[in-house]
Amino acid sequence: MTGLPALLGGLPQTHRDQLLAIARDRSFPGGERLFDEGGAADRFWLIRSGEVALDLYVPGRPPPVVETVGPGQLLGWSWLFPPYRWHLGAQALAPVDAWEFPADQVRALCTADPELGYRLTLRCAEVIAERLQATRIRLLDLYAPRTAAS
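Now for a description of the structure that goes with this document. Along each chain, residue indices are assigned from 1 in the same order as the chain's sequence is written. Residues qualify for local features only when their pLDDT is at least 70, as the model is predicted, and side-chain atom pairs are given and counted only at 80 or more; totals for whole chains, interfaces and linings, by contrast, use all residues. Note: side-chain values were computed over all heavy atoms of the structure, leaving out hydrogens and water.

**A few points about the pairing of strand E3 (residues 43-49)**
- Think of it this way: DSSP has to see at least two bridges between two strands before they count as a pair. Per the convention used, a helix needs a DSSP run of H or I reaching at least four residues, while a strand needs a run of E reaching at least two, with both numbered from the N terminus. Note: E3 against strand E8 (residues 96-102), six bridges, orientation antiparallel. From the neighbouring strand, Phe-44 faces E8, where its bridge partner is Phe-101.
- Relative to strand E6 (residues 74-75), E3 is paired through two bridges, and the arrangement is antiparallel. Looking across to E6, one finds that Trp-45 is bridged to Leu-75.

Here it is as structure tokens:
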């Protein structure tokens with residue numbers, strides 16, 4: 001992947017530097033479970049390569065995939081809002097390389113630098129809005145009434 005993930009690319013260099021200073025490189029093999037719905041959301045990732053499936057717990061059934069995230073995308077936003085619990089589960093579809101950010105340290109940076117907090121929250125809100133819109137479109141595809149062909 002060339003360039004910065006969109007989440008970082010929209011931030012001033014000083015804010016990118018602050019965040020990258022606390023990030024660590026992480027790799028996950030294909031098939032590894034990164035987190036489960038309801039678990040503690042204590043970190044997030046910016047995907048550099050690979051893909052991760054986001055899934056939903058459905059009792060008695062395999063978890064359906066509701067979204068796939070890949071290079072340049074944010075994985076995890078539940079760390080931003082109390083009670084800091086994952087709303088979905090995540091599993092690597094293929095080997096994944098990412099930057100991992102400890103949520104408590106990022107929240108501390110945001111508290112110490114309100115401009116960073118505001119800008120990062122706005123960037124995360126954009127991601128959330130895009131994913132909600134994509135989910136809405138998928139639901140319309142699934143449940144919209146079908147018209148009979150003439």
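**Regarding the sheet that holds E3**
- The four strands are arranged E1-E8-E3-E6 in an open sheet whose pairing can be described as antiparallel. The strands lining the two open edges of the sheet, one partner per strand, are strand E1 (24-28) and E6.
- The contact criterion used is simple: two residues touch if any of their non-hydrogen atoms lie within 4.5 Å. Helix axes are fitted to C-alpha atoms over the stretch in contact, other axes to C-alpha atoms as well, and angles between N-to-C directions run from 0 to 180 degrees. In this fold helix H2 (residues 13-22) packs onto E1 and E8, with an angle of close to 100° to the strand it touches most, E8.
- Lying on the sheet, helix H3 (residues 103-112) is in contact with E3 and E8; it crosses E8 at an angle near 55°.

**Points about unusual backbone geometry**
- Here the residue pair Pro-82 and Pro-83 is connected by a cis peptide bond, since its omega of 10° sits within 30 degrees of zero.
- Summarising the element assignment, Pro-83 is placed in the loop between E6 and strand E7 (89-92).

**Here's the deal with the packing of aromatic side chains**
- Aromatic contacts are taken between Phe, Tyr and Trp rings whose centres are within 6.5 Å, Trp giving its six-membered ring; a plane angle under 30 degrees counts as stacked, one over 60 as edge-to-face, and the others as tilted. On inspection of all chains with the given rule, the structure shows seven aromatic pairs.
- Ring plane angle 15° and centroid distance 4.4 Å describe the contact between Phe-44 and Trp-79, whose orientation is recorded as stacked. With Phe-44 in strand E3 and Trp-79 in the loop between E6 and E7, the pair connects residues that are 35 residues apart, well separated along the chain. Neither residue differs from the other here; Phe-44 and Trp-79 are each classed as buried.
- Chaining the aromatic ring pairs together yields one cluster made of Phe-28, Phe-35, Trp-45 and Trp-86. Exposure categories follow from relative accessible area, calculated using a 1.4 Å probe and restricted to protein chains: below 20% of the type maximum is buried, above 50% is exposed, and the middle band is partly exposed.

**So, the environment of Thr-111**
- Note that Thr-111 resides in helix H3.
- Residue classification places Thr-111 among the exposed positions, given a relative accessible area of 65%.
- In the structure, Thr-111 is positioned 64 residues away from Ile-47 in sequence and 25 Å away in space, judged by C-alpha atoms.

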